[in-house]
Amino acid sequence: MKVIEITYVALFAAVMGVLGLVPPIMLSFTPVPITLQTFGVILAGGLLGARLGATSQILFLVAVAAGLPLLSGGRGGLSVFAGPSAGYLISYPITAFCIGYLLSRLQPLKVQHIIFINLTVGILLIYAIGIPVQAFMMDIPVLAAVKLSLVYIPGDVIKAVLASLLVYKIRKNPFFSRSLATSYIHHASKNS
């Protein structure tokens, strides 16, 4: 891994921690809070690509597991991986990888492509992993967990669209395209 790649991985792990400083919105009917950290997952995949995006999320989760209070609400430690939010957390590196992989395959990249991938693959993948684990941890039927999770959809759609616009703007920046984009596009083409 190049120094610039390590820097971006660490930067995005830190971005996830900063997004965790925003207080969560707790709901009375579910223990899974509304947070901004899914925004960071989508950004990591869209800007860093599959390998580096997933690596940044793994680094973030390792820091959380080590006890750093980086999750929204100041949560951290191994116990968060045994709670109702565990599936959502586990989905972070998988989602960042899938978003980055799919975006690297689309050339030329258009904003509507990014929005489509972030809404379909990004948000749905987080739900597909998070909801069954939430149902298991809360000992409720999966359909009940799906109904509980409907409240998250409007906010996640907004986060996905905003992240898509930001990814599109940043990837159009000449500095970005010379540094990181070239690196992960080269890595992707080398592995295909």
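See the structure printed just above.
Numbering of residues starts from 1 in each chain and follows the order in which that chain's sequence is written. Reporting of local features is limited, given that this is a predicted model, to residues whose pLDDT is at least 70; pairs of side-chain atoms are given and counted only at 80 or more, and all residues count toward the totals for whole chains, interfaces and linings. The side-chain quantities take in all heavy atoms of the structure and omit both hydrogens and water.

Further remarks concern the packing of helix α2 (residues 37-65) against helix α3 (residues 86-105). Taken N-terminus to C-terminus, the directions of α2 and α3 make an angle of 110°; their axes are 7 Å apart at the nearest point. Here α3 runs roughly perpendicular to α2, going by the angle between their axes. Think of it as three bins: nonpolar holds Ala, Val, Leu, Ile, Met, Phe, Trp, Tyr, Cys and Pro, charged holds Asp, Glu, Lys and Arg, and polar takes everything else, Gly as well. Residue composition of the contact of α2 with α3, by class: 15 nonpolar, nine polar and one charged. In this analysis, axes come from line fits to C-alpha atoms, helices being fitted only over the stretch in contact, and the angle between any two N-to-C directions falls in the range 0 to 180 degrees. Numbering goes from the N terminus for both helices and strands, where a helix is a DSSP run of H or I of at least four residues and a strand is a run of E of at least two. Under this scheme an angle from 65 to 115 degrees is roughly perpendicular, one under 35 degrees roughly parallel, and one over 145 degrees roughly antiparallel; angles in between are oblique.

What follows deals with helix α4 (residues 111-138). Multiply 1.5 Å by the residue count of a helix minus one, and that product is the helix's expected span. Under the 1.5 Å per step criterion, the end-to-end length of α4 is 38 Å for 28 residues, consistent within 8% with the ideal 40 Å. What we call the bend at a residue is the angle made by axes fitted to the seven residues finishing there and the seven residues starting there. Where α4 bends most, the angle comes to about 30°, and this point is Asn 118. When a residue's accessible area, from a 1.4 Å probe over protein chains only, is under 20% of the maximum for its type it is buried; when over 50% it is exposed; and in between it is partly exposed. Listing the buried residues of α4 in full gives Ile 114, Ile 117, Asn 118, Gly 122, Ile 123, Ile 126, Tyr 127, Ile 129, Gly 130, Ile 131, Gln 134 and Ala 135. Contact partners of the buried residues in α4: β2 (30-34), α2, α3, α5 (142-149) and α6 (153-172). Two residues or fewer after α4 comes Asp 139, characterised by a positive phi angle close to 55°. Two residues qualify as a contact provided that any one of their heavy atoms is within 4.5 Å of a heavy atom in the partner residue.

What follows covers unusual backbone geometry. Between Gln 107 and Pro 108 the backbone carries a cis peptide bond, its omega angle lying at -5°. Relative to the assigned elements, Pro 108 resides in the loop between α3 and α4.

To continue, consider the environment of Ile 6. Note that Ile 6 resides in helix α1 (residues 3-19). The partly exposed category is assigned to Ile 6, whose relative accessible area is 44%. Taking the C-alpha atoms as reference, Ile 6 lies 9.0 Å from Ser 56; in sequence the two are 50 residues apart.

Our next topic: the nonpolar core. Formed by 30 residues in total, the largest nonpolar core has its most connected members in Phe 12, Ile 42, Leu 43, Leu 47, Tyr 88, Leu 103 and Tyr 127. The set of elements that each furnish at least two residues to this core consists of α1, α2, α3, α4 and α6. Those residues in contact with Phe 12 that lie beyond four places of it in its chain are Leu 43, Ala 44, Leu 47, Leu 48 and Ser 56. To form a nonpolar core, buried Ala, Val, Leu, Ile, Met, Phe, Trp, Tyr and Cys residues must be joined to one another through side-chain atoms within 4.5 Å. Grouped together as the second largest cluster of nonpolar side chains are eleven residues, Met 16, Phe 60, Val 64 and Leu 71 included.

This part is about the side chain of Ser 91. Note that Ser 91 resides in helix α3. On the accessibility criterion, Ser 91 (0% relative accessible area) is buried. Other than its neighbours up to four places away in sequence, Ser 91 contacts Leu 125, Ile 126 and Ile 129.

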